[in-house]
Number of protein chains: 2
Amino acid sequence: MTTREQVSAPCPIGRAVGLLGERWTLLILRNANLGTTRFDAFRSELGIADNILSNRLARMVDAGLLARVPYRDGGRPRHEYRLTAAGADVLPVLHALAAWGQEHTKPGEPSAPMQVIHRACDHATAPSDICDHCGEPIRREDELWLRPWRSAEPFPLAEPVA
Amino acid sequence: MTTREQVSAPCPIGRAVGLLGERWTLLILRNANLGTTRFDAFRSELGIADNILSNRLARMVDAGLLARVPYRDGGRPRHEYRLTAAGADVLPVLHALAAWGQEHTKPGEPSAPMQVIHRACDHATAPSDICDHCGEPIRREDELWLRPWRSAEPFPLAEPVA
DNA sequence: CCTCATAACTTGCAATATGCAAGCCCTCGA
DNA sequence: TCGAGGGCTTGCATATTGCAAGTTATGAGG
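Residues numbered from 1 in each chain as written. Chains lettered and ligands numbered in written order. Predicted model: local features only at pLDDT ≥ 70, side-chain atom pairs only at ≥ 80, totals over all residues. Heavy atoms only, no water.

It is worth spelling out the overall build of chain A at this point. If you tally the helices and strands in chain A, you get six helices and six strands. For chain A, whose C-alpha radius of gyration is 17 Å, the value lies close to the compact-globule estimate of 15 Å for 162 residues. Here chain A holds 162 residues, and the buried ones make up 44% of them. For chain A, the share of sequence-separated contacts (at least 6 apart) that also reach a separation of at least 24 residues comes to 46%. Summed over all atoms, the accessible surface of chain A reaches about 7,800 Å², with 50% contributed by carbon and sulfur. In chain A, 19 side chains carry a positive charge and 20 a negative one; their mean positions are 8 Å apart. (Helix = DSSP H or I, 4+ residues; strand = E, 2+ residues; numbered from the N terminus. Rg over C-alpha atoms; globule rule 2.2 N^0.38 Å. Buried < 20%, exposed > 50% of the residue type's maximum accessible area, 1.4 Å probe, protein only. Contact = heavy atoms within 4.5 Å. Areas by Shrake-Rupley, 256 points an atom, 1.4 Å probe, with all protein chains shown as cover. Lys, Arg positive; Asp, Glu negative; His and termini not counted. Charge placed at Lys NZ, Arg CZ, Asp CG, Glu CD.)

Quick look at the protein's contact with DNA strand D now. Near DNA strand D there are 25 residues, and of these Arg23(A), Asn51(A), Arg56(A), Arg68(B) and Tyr81(B) occur at the shortest range. Put simply, 68% of the atoms of DNA strand D that lie within 4 Å of the protein are in sugar or phosphate. A distance of 2.5 Å is found between a base nitrogen of DNA strand D and a side-chain nitrogen or oxygen belonging to Asn51(A). Mapped by element, the contributors of at least two residues to the surface near DNA strand D are helix 4 (50-62) and strand 2 (76-83) of chain A together with helix 3 (39-46), helix 4 (50-62) and strand 2 (76-83) of chain B. (Near = heavy atom within 4 Å. Polar contact = N/O pair within 3.5 Å; in protein donor to acceptor, adjacent residues only side chain to side chain.)

What follows is about the sheet that holds strand 4 (residues 123-125) of chain A. All names here are of chain A. One open sheet holds the four strands; their spatial order is 4-3-5-6, and the pairing between them is antiparallel. Strand pairing shows two members of the sheet lacking a second neighbour, strand 4 and strand 6 (155-156), which therefore form its edges. Looking at chain direction, strand 3 (residues 115-118) and strand 4 are connected through three bridges and run antiparallel. Directly across from His 118, in strand 4, lies its bridge partner His 123. The strands touched by helix 6 (residues 91-104) within the sheet are strand 3 and strand 5 (143-146), with strand 5 carrying the most contacts at an inclination of about 35°. (Pairing = 2+ DSSP bridges. Axes fitted to C-alpha atoms, helices over the stretch in contact; angles between N-to-C directions.)

Residues and elements named next belong to chain A. According to the domain assignment, chain A contains domain 1 (3-86) and domain 2 (90-156). Of note, the centres of domain 1 and domain 2, computed from C-alpha atoms alone, are 22 Å apart. With ten residues of domain 1 at the interface, the matching set in domain 2 holds ten residues. Taken over both partners, the interface formed by domain 1 and domain 2 buries close to 860 Å², and the fraction arising from carbon and sulfur atoms is 65%. Counting the contacts that link domain 1 with domain 2 gives zero salt bridges. Taken together, the connections running from domain 1 to domain 2 amount to one residue pair in polar contact (both at pLDDT 80 or more). (Domains from an automatic or database assignment. Buried area = accessible area lost by both parts, 1.4 Å probe. Salt bridge = Lys/Arg side-chain N within 4 Å of Asp/Glu carboxyl O.)

Take the interface of chain A and chain B next. Contact with chain A, which involves 49 residues of that partner, is made by 49 residues of chain B. Buried surface at the junction of chain A and chain B, summed over both partners, amounts to about 3,800 Å²; 71% is from carbon and sulfur atoms. The largest share of the area that chain A buries against chain B comes from Ile13(A), Leu97(A) and Trp100(A), three residues that together contribute 18% of it. Applying the counting rule to chain A against chain B returns zero salt bridges. Applying the counting criterion to the chain A and chain B interface returns eight residue pairs in polar contact (both at pLDDT 80 or more). Of all elements in the fold, only helix 1 (12-20), helix 2 (25-33), helix 5 (85-88) and helix 6 of chain A reach the threshold of two or more residues within the side of chain A that touches chain B.

The next thing to look at is empty space enclosed by the protein. Counted according to the given criterion, the structure contains two cavities of 30 Å³ or more. Reported here for the second largest cavity is a volume of approximately 40 Å³. In terms of lining residues, the second largest cavity is bounded by Val17(A), Leu20(A), Gly21(A), Leu26(A), Val93(A), Leu97(A), Leu26(B), Val93(B) and Leu97(B). Looking at the lining of the second largest cavity, the elements that each hand over two or more residues are helix 1 and helix 6 of chain A together with helix 6 (91-104) of chain B. Residue classes in the lining of the second largest cavity are distributed as eight nonpolar, one polar and no charged. (1 Å grid on protein atoms, 1.4 Å probe; cavity = no way out; pocket = protein on both sides within 12 Å on 5 of 7 lines; lining within 4 Å. Points joined across faces, edges and corners; volume = space filled by probe spheres on them. Nonpolar A, V, L, I, M, F, W, Y, C, P; charged D, E, K, R; others polar.)

For an α-helix, the turn length of 3.6 residues means that residues three or four places apart are oriented alike. Residue and element names in this part refer to chain B. With 13 residues, helix 4 should cover 18 Å at 1.5 Å per step; its first-to-last C-alpha distance of 18 Å lies within 8% of that length. Here helix 4 has its buried residues at Leu 53, Arg 56, Leu 57 and Met 60. Down the axis of helix 4, the buried set is contained in an arc of 100°. They therefore lie on one face. Facing away from the buried surface of helix 4 by more than 90 degrees, the exposed residues are Asn 51 and Asp 62. (Expected span 1.5 Å × (residues − 1). Arc of directions from axis to C-beta.)

Now for the relation of the copies chain A and chain B. When chain A is fitted to chain B, the residual RMSD is 0.0 Å, and the transformation amounts to a turn of 180° plus an axial shift of 0.0 Å. The symmetry that links the two subunits is that of a two-fold axis. The overlap is high: 100% of the interface residues of chain A also sit at the interface in chain B, so the same surface is used on both sides. (Least-squares fit on C-alpha atoms with pLDDT ≥ 70 in both.)

Moving on to the pairing of strand 5 (residues 143-146) of chain B. Residue and element names in this part refer to chain B. Side chains Glu 143 and Trp 145 project from strand 5 onto one buried face, and the interleaved Leu 144 and Leu 146 project onto a second face that is buried too. Note: strand 3 (residues 115-118) against strand 5, four bridges, orientation antiparallel. The partner of Gln 115 across the bridge, within strand 5, is Leu 146.

Have a look at this one:
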């Protein structure tokens, strides 16, 4: 059974793994949630080979995780890969992975931990769907990611396309 | 970069994907959380090839997700693979995947959805860390999985080893 | 108008990972 | 002593990934 044959399994975990569990897919979604939209931005951020990236983006578009939308860059026609609602809804999976990774693994180089900033209460919390300061569910628009190994500034999440 | 080189990435999501994102690993953990412990039970439940299963189990033991514990089966020495605390802590990832899969994918054959039964309030909820009936966090011991395509009876989660 | 640069791919081929089938080892129960 | 598992390992075929080079389209600069 290949990973993609899992997509019609009776178990929703199996189906989710069938779509999200291929190599690179979750990392592409992580970066897409942080605002990356262009082919070579994904390539340089992830260090993925072009043919694989091309293949994954196409499959993710087919699966409805990303939308390929044309736009103009100074007159030139280009296209970018924007999150769909299904792609944005992977956020809780990313939270759970981040929390697990933080709890059970160590980075090669020590660094300050990833945190989520909840704009509604202006406090930092561990990656989660729920603010551990105010106890409220964190709405996507109120969520910023602080990843100190990349930047001292917290980063807002990308908005999905309609 | 191979999946396993990700394990020392600065990003906790990258590290988690490095350990959990290999093919079969999350499915093995799903079944281990449902109580599967033996080589050929995993094999027959998952339909995974023996050499791959052997390889994955060994890596998961190295990674501290499972513990290989000897036991006696009617006098015969055997060993089983039991969840560690780190393996049990993957539960929120499984919840998030189940919820996403239920929301955004369809099974090949229609069937009733997976539900979590919260013993503390005796109500069914969608797969989640929090009961959507009583609003309380669901403790592992109070959680049963109802997967109607497998059995009409809800199933308790396996206890991790100390 | 010609050249160059760039984004976004595609193609060819080598290296890994996965799958299938067969075989091995150990122990118990008959 | 023999046979039947469980729990692997080994060999070989297929599929997936990675790297490097080539392709296409467009627009900016000369």
